[in-house]
Amino acid sequence: MAFHIIGTGSALPEQRITNDDLSRFLDTTDEWIFSRTGIRERRVCTHETLDDLAVAASERALAAAGLAATDLDLIVCATTSGDHLMPAEACAVAERIGASCPAFDVSAACAGFVFALDVVDGFLARGRARRALIVAAEQMSRLLDWSDRATCVLFGDGAAACVVEAGGASPLAIELSTTPDTDALSVPGIAGTSPFAAATPVPSALAMKGQRVFKFGVQAICDAVHGLCAEAGIGAADIDHFIFHQANDRILTAAAQRLGIEDDRVARTLHATGNISSACIPYTLDALARGGRLHPSELIALVGFGAGLDVGSCLIRWE
Amino acid sequence: MADTTFDRICAIIRDNGGTGAELTPETKLADAGLDSLATVEAVIACEDEFGIEIETDSNPETVGELVELIESLMEN
């Protein structure tokens, strides 16, 4: 059993925050941020909830697929920054779009979308679902230390979704991996108020070892593309679009150079969104699809990497 | 004449945003124009150039330390 993607959708908060906006309360500049990251602006939730974004992205993906929520057999949400620890973000989406199928979340940080795709592929293969919604939604703005100029400039909020249906040519190859390292990139969990807790609570603010993550990212992309090509029996030159996790433009450039692929085949959306974690890959897929950039039978390599350190890669055919 | 490891590393530093100023083994990477991000990019380029793998936590401070690190990895 295989799948194909029959609809995509995305949603960003209204509020744009430019690099100049950040320079009003951080010791930084637009030139400094752009030259080191490729990011010009990001969207940040103000009045919107993450549920709002996840629902809007899901409804757009369903509309593109020509399906109703009641047609879905499964909803999987990739997130690490949901509006609630429980129920799952996917349950909130199910409630608001009017679905009654099983719904749960997958936590694999920036690799979450590809991990969710593999989970869904398993449900389709076992005949437990025929149509599934995958939505990746992240409100990174609530996980950031807004006084840390090294990290808070990198991220943004947003959601993106796709509807997959059983049958089709995808995945041509798919692989998940974890190189255990909980120190490189992390957000401490909820501190709580237990009177029995011995440890001093730490705030839930993102911390990152930038050099380590940068180098890991480049290596992860290159290894993943080589792995996908080997599994599918093709060369990188046969792949039409590369959608890599949008962490830093210079990671994308370094990986493209190392892979020997033309830079313009590597999709880029982060200049306008920053890193929206698990939502980066489906957001970029939706941007390409709606921009008329994807054509039937084209091959697309998806590579997500992030905290864990998790890497998820998948080679799909656009149908 | 084959370039020395030092020459090849100097070329990589220049290609990755380093200053055009003359480099010596004592030149600090920061003074060579490499910030933390450019240092990682130079390290990645060195890996490709010399066919080795360099741990991110190695943190060479000077051009000479980077040369020593790479030559020690090439011997293994």
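Going by an unreviewed UniProt entry, chain B carries the name Carrier domain-containing protein and comes from [Collinsella] massiliensis.

Going by an unreviewed UniProt entry, chain A carries the name Beta-ketoacyl-[acyl-carrier-protein] synthase III and comes from [Collinsella] massiliensis. Quoted verbatim from the Catalytic activity (unreviewed entry) field of UniProt, the annotation for chain A is "malonyl-[ACP] + acetyl-CoA + H(+) = 3-oxobutanoyl-[ACP] + CO2 + CoA". Recorded under Pathway (unreviewed entry), the UniProt text for chain A is reproduced unchanged: "Lipid metabolism; fatty acid biosynthesis."

Chemist: Give a description of the interface of chain B and chain A that names residues and reports values.
Modeler: A common measure of how large an interface is: the accessible area buried when the components associate. Taken together, the contact between chain B and chain A spans 15 residues of the former and ten residues of the latter. The junction of chain B with chain A conceals about 1200 Å² of combined surface from both sides, 52% of it contributed by carbon and sulfur atoms. By the criterion of area lost to chain A, the three top residues of chain B are B:Leu37, B:Ile44 and B:Thr56, representing 40% of everything that side buries. At the boundary of chain B and chain A, one finds five salt bridges.

Chemist: Mind laying out the UniProt feature "domain: Beta-ketoacyl-[acyl-carrier-protein] synthase III C-terminal" (unreviewed entry) in chain A, listing which residues take part and the relevant values?
Modeler: The feature "domain: Beta-ketoacyl-[acyl-carrier-protein] synthase III C-terminal" (unreviewed entry), as given by UniProt, occupies residues 229–318 of chain A in the numbering adopted here. The distance separating the terminal C-alpha atoms of residues 229–318 of chain A is 17 Å; by composition the span is 33% helix and 24% strand.

Chemist: A description of the packing of aromatic side chains should follow, citing residues and the corresponding values.
Modeler: All names here are of chain A. Counting across every chain of the model gives three aromatic pairs over all chains. Judged by centre distance (6.4 Å) and plane angle (55°), the ring pair of Phe 25 and Trp 146 falls under tilted. Note that Phe 25 is positioned in the loop between α1 (19–23) and α2 (30–37) and Trp 146 in the loop between β6 (131–139) and β7 (157–166), a separation of 121 residues in sequence. Phe 25 gets classed as partly exposed once you look at its relative accessible area, which sits at 49%. Under the relative-accessibility criterion, Trp 146 is labelled partly exposed at 28%. Note on Phe 242 and Phe 244: the rings are 5.6 Å apart at their centroids and 45° apart in plane angle, and the pair reads as tilted. Here the guanidinium or amino end of Arg 40 rests over the ring plane of Phe 34, the centre of that ring lying 3.5 Å away. Its end group placed over the ring of Phe 123, Arg 126 keeps NZ or CZ at 4.8 Å from the ring centre.

Chemist: Help me get a handle on the UniProt feature "domain: Beta-ketoacyl-[acyl-carrier-protein] synthase III N-terminal" (unreviewed entry) in chain A, residues and values and all.
Modeler: The UniProt record marks residues 104–168 of chain A with the feature "domain: Beta-ketoacyl-[acyl-carrier-protein] synthase III N-terminal" (unreviewed entry), using the residue numbering of this structure. The straight-line gap between the two end C-alpha atoms of residues 104–168 of chain A is 24 Å; of that span, 22% is helix and 34% is strand.

About the thresholds
Residues numbered from 1 in each chain as written. Chains lettered and ligands numbered in written order. Predicted model: local features only at pLDDT ≥ 70, side-chain atom pairs only at ≥ 80, totals over all residues. Heavy atoms only, no water. UniProt positions renumbered as here; feature names shortened; annotations may be inferred. Contact = heavy atoms within 4.5 Å. Buried area = accessible area lost by both parts, 1.4 Å probe. Salt bridge = Lys/Arg side-chain N within 4 Å of Asp/Glu carboxyl O. Helix = DSSP H or I, 4+ residues; strand = E, 2+ residues; numbered from the N terminus. Phe/Tyr/Trp six-rings, centres within 6.5 Å; stacked < 30°, edge-to-face > 60°. Buried < 20%, exposed > 50% of the residue type's maximum accessible area, 1.4 Å probe, protein only. Lys NZ or Arg CZ within 6 Å of the ring centre and 35° of its normal.

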